[in-house]
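Listed below are the residues making up each chain.
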Amino acid sequence: MESGSRLRATACTGMAVALCVAAAATQQPPPLAVVNVRIIDGTGAAAIEDGRIVIDGDRIVRVGPAATTAIPSGAETVDLSGRTVMPGLIDSHFHIENDPKLALRQLSHGVTAFRDPGQWDEQFVELRRIIVEDGIPGPRIFTTGPHIDGDNPAYPADSVVARDAEEARRHAEASVARGASALKIYYRLPFAAAKAVIDVCQAHGIPCTAHLELLDARELIAAGLHGIEHVTSFGISLVPRREAEAYRQAVLASNDARRDGRYRVFAGADLEGPFAQALYGTLRERKPFLDATLAVFERRPPSPTGVGGTSPPSAAPNGVAGSAPPPAPAAAGGQPDLAPMRAAGFAKMKQLTRRAATEGARVVVGGHTEVPFAGRGEAPWREMELLVESGFSPLEAISAATATAAAFLYRGTELGSLRPGFAADLIVLGAPPDRDISAIRTVERVMVAGRWIDVAKYRQY
Ligand SMILES: [Zn+2]
């Protein structure tokens, strides 16, 4: 702003540095009015066809139809005719691993905030350095500290091991002291130790989430667990106790047993049976968050012309974070072709995700970093498409990635919706995603905290 620059130069003349900085901090750019645009606010409400958003500093101050939303005098206006604006996406399950630039590529795809559900703080140093160096306000980073797991952890490098409830409590307190805004239980943690972690979260007012798999979802949710990572966390809750125990023992003997084992459990599960019904009762009562991460489990039926499942377009983990073998090739050498079983199991995972939502679970979007059927940095988009394939409306899938995800961060009164007083984190799309969810791939502009990001730059990462 011309007058602001002039004022700042004058104010700094002859002033002490601290006063000069304080004066500069008071120089605000003029309000920004985004006009002639469709608005999806993230709450699930229908789009406003001819809308306006007024942004002042890092906050949204007005949102509504053009007819009733005044543009402040002196505001800069941006005409976005033909475009749709919605809140920035929140990826509830993003593993930074050793690739900090992937978070910036996802930012160019509209992911303005993410939570890494299990990682040492040291792993974020490089991303934070780039953010400071580039002078950008995001992506917003939410961390949990390492997974809190039991003996023989699934991901040793990303975990702390607790051998009893007291060790679990100490690990949990240590992560909170280092700034964790949530904690994550991993499946080898015994029940009493998992309960100790939940108690620490409740004492600090932060969410506790978990990859269950070997722990009973109904018991943990009843004990106060707020969130479930991976729809596969419900597997043993869906089948008779004897079958559940066989699966538990197989995975306890070898973590890799879950890779095909979870598809087998789901393929055979009865989603209307008594065990599923009992789970639904718990979901109705407690309404936990569910971060299904369908995209990382996606397996497609065998193609009619070939053998085996449709090949993923790129190498990707075959389960959760970390290395894993790719899906088995076609039947050969006497080995059974597992593709139909995996596809059947995945179809049930989609069904259960939808059913869980209708029973009361609050479904969010977790992209899970790299997935079989999406390009680099596109996992959250694929997850939204899979939610719609599972029976969610496009507006519901959008809320899962925005307002509901913000609630799961315990930031639902400041992030994830386009409402007055909320952070100005938004994306501009070339096509309307409430009509066809694949339009989420048409991100043209990204704003974090009231500032446009250099989309072209980060799309090269
Ligand atoms: Zn994960």
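Shown above is the structure to which this text applies.
Every value quoted in this text rests on a predicted model; they were computed, and no experiment measured them.

Engineer: Let's hear about the coordination of the zinc ion: which residues, and what values?
Structural biologist: For the zinc ion, the protein coordination sphere consists of His93 (NE2), His95 (NE2) and His368 (NE2), at 2.0 to 2.7 Å. Sequence spacing of the donors to the zinc ion: H-x1-H-x272-H. Here the residue histidine 95 occupies a position in the loop between strand S6 (89-91) and helix H3 (100-108), and histidine 368 occupies one in the loop between strand S15 (362-364) and helix H13 (379-389), the gap between them amounting to 273 residues. Just as histidine 95 is buried, histidine 368 falls in that class too.

Engineer: Go over the pattern of salt bridges, please, and point to the residues and values.
Structural biologist: Evaluated as defined, the whole model comprises 31 salt bridges. Between arginine 248 and glutamate 245 there is a salt bridge whose closest N-O contact spans 3.0 Å. Of this pair, arginine 248 and glutamate 245 both sit in helix H8 (residues 241-253), three residues apart, which is roughly one turn of the helix. Given a relative accessible area of 32%, glutamate 245 falls into the partly exposed group. A single network of salt bridges, built from pairs that share partners, joins Glu298, Arg300, Lys350, Glu378, Arg382, Glu385, Glu389 and Arg441.

Engineer: Explain the side chain of arginine 342 to me, using residue names and the numbers behind them.
Structural biologist: Mapped onto the secondary structure, arginine 342 falls in helix H12 (residues 339-359). Of the residues examined, arginine 342 reaches a relative accessible area of 4% and is grouped as buried. At a separation of 2.7 Å, a polar atom in the side chain of arginine 342 contacts the side chain of aspartate 260.

Engineer: Quick rundown of the packing of helix H5 (residues 165-177) against helix H6 (residues 191-204)? Include the residues and the values.
Structural biologist: Between H5 and H6, the least distance of the axes is 8 Å, while the angle of their chain directions is 35 degrees. Here the hand of the crossing between H5 and H6 comes out right-handed. Note on element contacts: H6 touches H5 through Ala192, Ala193, Ala196, Val197, Val200 and His204, opposite Ala165, Ala168, Arg169, Ala172, Glu173 and Val176. For the contact of H5 with H6, the per-class residue count stands at nine nonpolar, one polar and two charged.

Engineer: Before we move on, could you go through H5 and cite the residues and values that matter?
Structural biologist: The terminal C-alpha atoms of H5 lie 18 Å apart, and with 13 residues this matches the ideal 18 Å at 1.5 Å per residue to within 8%. The set of residues buried in H5 consists of Ala168, Ala172, Ser175 and Val176. The buried residues of H5 occupy an angular sector of 100 degrees when projected down its axis, which confines them to one face. Residues of H5 that are exposed and point over 90 degrees away from its buried face: Arg170 and Ala177.

Engineer: Explain the pairing of strand S8 (residues 140-143) to me, using residue names and the numbers behind them.
Structural biologist: Side-chain positions along a regular strand alternate between the two faces of the sheet. In terms of strand pairing, strand S7 (residues 111-116) meets S8 through four bridges, oriented parallel. Considered in S8, the bridge of phenylalanine 114 is made with isoleucine 141. As for the winding sense of the linkage, the β-α-β connection from S7 through helix H4 (residues 125-134) to S8 is right-handed.

Engineer: Go over the nonpolar core, please, and point to the residues and values.
Structural biologist: By size, the foremost hydrophobic cluster in this structure holds 106 residues, and its most contacted members are Leu89, Leu183, Ile185, Val197, Leu225, Phe234 and Leu238. Residue contacts for leucine 89: discarding those within four places in its chain leaves His109, Gly110, Val111, Thr112, Ala113, Trp381, Met384, Ala401, Thr402, Ile427 and Ile440. Residues Val37, Ile60, Leu80 and Leu426 belong to the second largest nonpolar core, which totals 15 residues.

Engineer: Describe the environment of glycine 57, with residues and values.
Structural biologist: Looking at the secondary structure, you find glycine 57 in the loop between strand S2 (48-56) and strand S3 (59-65). Residues glycine 57 and glutamine 28 lie 29 residues apart in sequence; the distance between their C-alpha atoms is 6.8 Å.

Engineer: Report on H12, specifying residues and quantitative values.
Structural biologist: End to end, H12 covers 30 Å across 21 residues, agreeing with the expected 30 Å (1.5 Å per residue, within 8%). After H12 finishes, the residue glycine 360 shows a positive phi value of roughly 130 degrees.

Engineer: Any details on the pairing of S3? Residues and values, ideally.
Structural biologist: Bridge count for S2 against S3 is six bridges, and the pairing is antiparallel. Within the sheet, the bridge partner assigned to arginine 52 lies in S3 and is glycine 64. In sequence, S2 turns back onto S3 through a hairpin of two residues, with glycine 57 there showing a positive phi of about 65 degrees.

Engineer: Just give me the short version of the packing of aromatic side chains, but keep the residues and values in it.
Structural biologist: What the rule picks out here adds up to five aromatic pairs. Considering the side-chain rings of tyrosine 155 and tyrosine 186, the 6.1 Å spacing of their centres and the 90 degrees angle between planes classify their relative orientation as edge-to-face. Taken as a pair, tyrosine 155 in the loop between strand S9 (147-149) and strand S10 (159-161) and tyrosine 186 in the loop between strand S11 (183-185) and H6 lie far apart in primary sequence, 31 residues in all. For tyrosine 155, a relative accessible area of 9% corresponds to the buried category. Arranged with centres 5.2 Å apart and planes meeting at 40 degrees, the rings of tyrosine 186 and tyrosine 187 form a pair that is tilted. The buried category is assigned to tyrosine 186, whose relative accessible area is 2%. Among the residues examined, tyrosine 187 registers a relative accessible area of 1% and is labelled buried. Each residue in the set Tyr155, Tyr186 and Tyr187 is aromatic and connected to the rest through ring pairs, giving one cluster. Here the basic side chain of lysine 101 rests over the ring of tyrosine 461, its NZ or CZ set 4.8 Å away from the ring centre.

Conventions used here
Residues numbered from 1 in each chain as written. Predicted model: local features only at pLDDT ≥ 70, side-chain atom pairs only at ≥ 80, totals over all residues. Heavy atoms only, no water. Donors = N, O, S within 2.8 Å, 3.2 Å for Na, K, Ca; no water. Helix = DSSP H or I, 4+ residues; strand = E, 2+ residues; numbered from the N terminus. Buried < 20%, exposed > 50% of the residue type's maximum accessible area, 1.4 Å probe, protein only. Salt bridge = Lys/Arg side-chain N within 4 Å of Asp/Glu carboxyl O. Polar contact = N/O pair within 3.5 Å; in protein donor to acceptor, adjacent residues only side chain to side chain. Axes fitted to C-alpha atoms, helices over the stretch in contact; angles between N-to-C directions. Left-handed = near helix turned anticlockwise from the far one by under 90°. Contact = heavy atoms within 4.5 Å. Nonpolar A, V, L, I, M, F, W, Y, C, P; charged D, E, K, R; others polar. Expected span 1.5 Å × (residues − 1). Arc of directions from axis to C-beta. Pairing = 2+ DSSP bridges. Right-handed = clockwise from strand over helix to strand, strands pointing away. Core = buried A, V, L, I, M, F, W, Y, C linked by side-chain atoms within 4.5 Å. Phe/Tyr/Trp six-rings, centres within 6.5 Å; stacked < 30°, edge-to-face > 60°. Lys NZ or Arg CZ within 6 Å of the ring centre and 35° of its normal.

In short, geometric facts, not functional conclusions.
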